[in-house]
2 protein chains.
Amino acid sequence: MTAEHTATLDDVARAAGVSRATASRVVTGQGPASQHSRDRVTAAVAALGYVPDASARALVTRTGTRLAIAVIGHTAAVLDDPYVGRVLTSAAHVAAEREVGVSLHWLPLHDPGSLARLADGRGLGGLVVVNPTRPALDTVPRSLRGRVAAVGVGTRHVPSFDVDNRSGTDGVVRHLVRSGRSRIAMVTGPSWLPCGDRAVEAYRKVLHDSGGEPRVVPGDFTAIRGAKAAIEIMARWPDTDAVFALSDLTALGVLDGLHALGVRVPGDVAVAGFDDITFAGLSRPGLTTSTHPVEEIAAAAARAVLDRRDTSGATFYPSALVVRDSA
Amino acid sequence: MTAEHTATLDDVARAAGVSRATASRVVTGQGPASQHSRDRVTAAVAALGYVPDASARALVTRTGTRLAIAVIGHTAAVLDDPYVGRVLTSAAHVAAEREVGVSLHWLPLHDPGSLARLADGRGLGGLVVVNPTRPALDTVPRSLRGRVAAVGVGTRHVPSFDVDNRSGTDGVVRHLVRSGRSRIAMVTGPSWLPCGDRAVEAYRKVLHDSGGEPRVVPGDFTAIRGAKAAIEIMARWPDTDAVFALSDLTALGVLDGLHALGVRVPGDVAVAGFDDITFAGLSRPGLTTSTHPVEEIAAAAARAVLDRRDTSGATFYPSALVVRDSA
DNA sequence: CCCACACATGGAAGCGCTTCCACCGCAATA
DNA sequence: TATTGCGGTGGAAGCGCTTCCATGTGTGGG
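Residues numbered from 1 in each chain as written. Chains lettered and ligands numbered in written order. Predicted model: local features only at pLDDT ≥ 70, side-chain atom pairs only at ≥ 80, totals over all residues. Heavy atoms only, no water.

Participant: Which parts of the structure should I look at to understand the nonpolar core?
Facilitator: Soluble globular proteins: nonpolar side chains tend toward being buried together. Formed by 104 residues in total, the largest nonpolar core has its most connected members in I69(A), V102(A), F244(A), I69(B), V102(B) and F244(B). Every residue in contact with V102(A), bar those within four places of it in the chain, is listed here: L67(A), I69(A), L88(A), A91(A), A92(A), A95(A), A92(B), G101(B) and V102(B). With 52 residues, the next largest nonpolar core counts V269(A), L282(A), L255(B) and L258(B) among its residues. (Core = buried A, V, L, I, M, F, W, Y, C linked by side-chain atoms within 4.5 Å. Buried < 20%, exposed > 50% of the residue type's maximum accessible area, 1.4 Å probe, protein only. Contact = heavy atoms within 4.5 Å.)

Participant: How should the sheet that holds strand β9 (residues 270-272) of chain A be read in this particular structure?
Facilitator: Paired through backbone hydrogen bonds, the strands of a sheet run either parallel or antiparallel to each other. Residue and element names in this part refer to chain A. Taken in spatial order, the 4 strands line up as β7-β6-β8-β9 in an open sheet, and their pairing is parallel. A strand with exactly one partner marks an edge of an open sheet, and here the two such strands are β7 (215-217) and β9. Here the strands of the sheet are splayed against their neighbours by 20 degrees on average, with no regard to which way each runs. As judged from the 3 bridges shared by strand β6 (residues 184-187) and β7, these two strands associate in the parallel manner. Bridging across to β7, A185 finds its partner in R215. The sheet contacts of helix α9 (residues 195-210) involve β6 and β7, and relative to β6 the element is tilted by about 175 degrees. Those strands touched by helix α11 (residues 248-261) are β6, β8 (242-245) and β9, and its axis lies near 160 degrees from that of β9. (Pairing = 2+ DSSP bridges. Helix = DSSP H or I, 4+ residues; strand = E, 2+ residues; numbered from the N terminus. Axes fitted to C-alpha atoms, helices over the stretch in contact; angles between N-to-C directions.)

Participant: Would you take a moment to explain the packing of helix α2 (residues 20-28) of chain A against helix α3 (residues 35-48) of chain A for this structure?
Facilitator: In helix packing, the relevant descriptors are the interaxial angle and the interaxial distance, both defined with respect to the helix axes. All names here are of chain A. Put simply, α2 and α3 touch, their axes get as near as 9 Å, and they point 80 degrees apart. Classified by the angle between their axes, α2 and α3 sit roughly perpendicular to one another. Along the contact surface, α2 presents T22, A23, V26 and V27, while α3 presents S37, R38, V41, T42 and V45. Along the lines of polarity and charge, the residues of the contact of α2 with α3 split into 5 nonpolar, 3 polar and 1 charged. (Parallel < 35°, antiparallel > 145°, perpendicular 65-115°, else oblique. Nonpolar A, V, L, I, M, F, W, Y, C, P; charged D, E, K, R; others polar.)

Participant: Got a minute to help me understand the packing of aromatic side chains in this structure?
Facilitator: Two numbers describe a pair of aromatic rings. These are the distance of the centres and the angle of the planes. Under the definition given, this model contains 3 aromatic pairs over all chains. With a centroid separation of 3.8 Å and 10 degrees between ring planes, the pair formed by F279(A) and F279(B) is classed as stacked. Of the two residues, F279(A) is situated in the loop between β9 and β10 (289-290) and F279(B) in the loop between β9 (270-272) and β10 (289-290); the pairing between them involves two chains. Each member of the pair, F279(A) as well as F279(B), is classed as buried. (Phe/Tyr/Trp six-rings, centres within 6.5 Å; stacked < 30°, edge-to-face > 60°.)

Participant: When you look at the sheet that holds strand β8 (residues 242-245) of chain B in this model, what are you seeing that I'm missing?
Facilitator: All names here are of chain B. The 4 strands are arranged β7-β6-β8-β9 in an open sheet whose pairing can be described as parallel. Only two strands of the sheet have a single partner each, and these edge strands are β7 (215-217) and β9. Going from strand to strand, the sheet's axes swing by 20 degrees on average, the running direction of each strand aside. By the bridge criterion, 3 bridges tie β8 to β9 in an arrangement that is parallel. Pairing of V243 across the sheet is with V271, part of β9.

Participant: Looking at this structure, how should I read the side chain of S247(B)?
Facilitator: Residue and element names in this part refer to chain B. Within the secondary structure, S247 is located in the loop between β8 and α11 (248-260). Under the relative-accessibility criterion, S247 is labelled buried at 3%. Among all residues touching S247, those that are not within four sequence positions of it are F221, G273, F274 and D275.

Participant: How should I be thinking about the protein's contact with DNA strand C in this particular structure?
Facilitator: Close to DNA strand C lie 28 residues; L9(A), R20(A), Y50(A), R57(A) and R25(B) are nearest. Looking at DNA strand C alone, sugar and phosphate atoms form 60% of those within 4 Å of the protein. The backbone of L9(A) places a nitrogen or oxygen atom 2.3 Å from a phosphate oxygen of DNA strand C. S19(B) places a polar main-chain atom, nitrogen or oxygen, 2.9 Å from a phosphate oxygen of DNA strand C. Only α2 and α4 (54-61) of chain A together with α2 (20-28) and α4 (54-61) of chain B provide two or more residues apiece to the surface near DNA strand C. Considering only residue class, the surface near DNA strand C consists of 13 nonpolar, 8 polar and 7 charged. (Near = heavy atom within 4 Å. Polar contact = N/O pair within 3.5 Å; in protein donor to acceptor, adjacent residues only side chain to side chain.)

Participant: Sorry if this is basic, but what is going on with the protein's contact with DNA strand D here?
Facilitator: By nearness alone, 28 residues border DNA strand D, and T22(A), R25(A), L9(B), R20(B) and Y50(B) come closest of all. Those atoms of DNA strand D that come within 4 Å of the protein belong to sugar or phosphate at a rate of 60%. One of the backbone N or O atoms of S34(A) is found 2.8 Å from a phosphate oxygen in DNA strand D. Between a phosphate oxygen of DNA strand D and a side-chain N or O atom of S37(A), the distance comes to 2.8 Å. When residues of the surface near DNA strand D are traced back to their parent elements, those giving at least two are α2 and α4 of chain A together with α2 and α4 of chain B. Of the residues assigned to the surface near DNA strand D, the class counts are 13 nonpolar, 8 polar and 7 charged.

Participant: Please clarify how α3(A) should be interpreted in this entry.
Facilitator: Since the α-helix advances by 3.6 residues per turn, residues separated by three or four positions end up pointing in the same direction. All names here are of chain A. For α3, which comprises 14 residues, the first-to-last C-alpha distance of 20 Å matches the rise-based estimate of 20 Å (1.5 Å per residue) to within 8%. Buried within α3 we find S37, V41 and A44. Down the axis of α3, the smallest arc covering the buried residues is 60 degrees, so these residues share one side. Seen from the buried face of α3, the exposed residues on the opposite side, beyond 90 degrees, are Q35, A46 and A47. Packing partners of the buried residues in α3 comprise α1 (9-16) and α2. Following α3 by one or two positions, G49 has its phi on the positive side, about 60 degrees. (Expected span 1.5 Å × (residues − 1). Arc of directions from axis to C-beta.)

Participant: Teacher, can you tell me more about the pattern of salt bridges here?
Facilitator: Note that side chains of opposite charge can pair when their charged atoms are close. All names here are of chain A. Within this structure, the stated rule accounts for 34 salt bridges over all chains. One salt bridge connects R225 with E232, and the closest N-O pair in it is separated by 3.2 Å. A salt bridge links D268 to R264; the shortest N-O distance between them is 3.0 Å. On the accessibility criterion, D268 (32% relative accessible area) is partly exposed. With relative accessibility at 55%, the residue R264 sits in the exposed group. Through salt bridges with shared partners, a single network forms among R183, E213, R215, D239 and D241. (Salt bridge = Lys/Arg side-chain N within 4 Å of Asp/Glu carboxyl O.)

This is the structure we're talking about:
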């Protein structure tokens, strides 16, 4: 009851009748230990409510006590993206359970050294790279081996977690086709982001299957770009009857651009986005989109890093169509 | 160049020709030190690029290495509020500079002990309480004295940082009056949140000055509640010609509710919000609102905690009217 | 001229933990 | 029975830092 003095590993060892070394082995799960002492230590841990001191552990294992979230982008403004906010929130939530904190960093797209510099300092326990590029991921120092994960499409070397853009896009574009649209344009993500490629592929495939011709305009996941893209699209292909943007933010911008042009949605042109952000349901017309389990993805990435799990390889999370008014 | 081995305090002491004790005193700024050794150590620190190991320091000072962000609310859903996301992002950014991480926690509104429990564990270097209640703030254990700050209106005991709701509200409501509205309703924040009181006061004052009668409906900062509030308001006071919500999210909901009712905005009813979130500019009609420098406020709170500054007392940040289409 | 007192300083202890290493007893092999 | 091997174990070192304490140094007053 009156804890007052937080239990230390010494207390646990004493209570279990073993040495501190053995207690440590049991608690960390590293090294040999007989079933008998394993049981006794586990019991003592529970009885005393022992929680390892993260600082002490970090000190000796030379492993930081912080999970860094690094976002790659042209400017520091990427940090303000609601998507990043969701990643951060979810990661912070997971980290909190492990008595670990998270910190947020911007990695300039054209400064490959920045990641190495970030990872160089002490105190870094793990790294989650958001929207990584190949070159960036290649500069991760080996001191962080096994403690790096990617949110978005990564490389073979680090576990990566992403939404299934391919089937998500497929679902949305098919929906557009089903509802009678055939001249469908697409606003992509930034060209340097590999995850967009799969989406574009899927879009091309559906269009090919349905006999439409692809109309692709580059985007950057921002709303402003969406508005401009809408204007571009309508100027270039005036008969366009649907626009699919690989980001709700961009789709909202498209809505804006179309509105400025006097084009009715969904009357003249249907609009669909991707991500299902909160505001997709609050825009007028309500945005048809595809879900993006960002929180789940970020939590998985954080856990992979924190647990030093060897989950190399890519994991894709399903995306589901959400039909509202815009398409 | 080839750092390889991160400099330790020992290296600094050796380079400066003093003992580790003296070097520590200079680096931390605690304890006496002659100007001479002060200079030599500072030079050595710069030359070696020394950065104190947060874990080691935390271990001995028995002070955590993590800045906890605690949000009070009925359910854990408060953590998904974009406002919290902005606070977290900004705090994480500030913390990163100090080699510190942040973690996110939900404090059940009716479980006063939860804050104490959170602060009890080791590894907690500081605490920022978002939207604190008096009782919650009173349970902060003394072990955290001087390392707690509030985002929102706090108590006399901890430094608090908030937007100037009073003048912000004043600005918005006055704008409504100026543009010819006189039957203005207000959707407040949660009743247990003291910050809302000042806003309601300001609203009442403007209405009193302009001869209007107050129409207050309780809100909770969510969009759904906004939609319901809109319906409530129009049912209770059908001649209402303006609605002011103390949150953009709620205002967006009001827009939705009004739309469902077939009420035109701003034709029939003007709508104004508070916060100026990203989506305030993307809704249709664009939301008239008042700015809320959340990032600046959160950064100030984080800094106050991290620097153990004795900034007790409340600091209010100015809010500025942003006129768009909705009012 | 000497004592007291401040200030500056270095030695050393120790924060809570992991991990190397030497050691023990026991079964399997020779 | 004498060796080897091996899983289990505790002692002890040490991670990088702060801080207590005893030990110098220099000043002013008696």
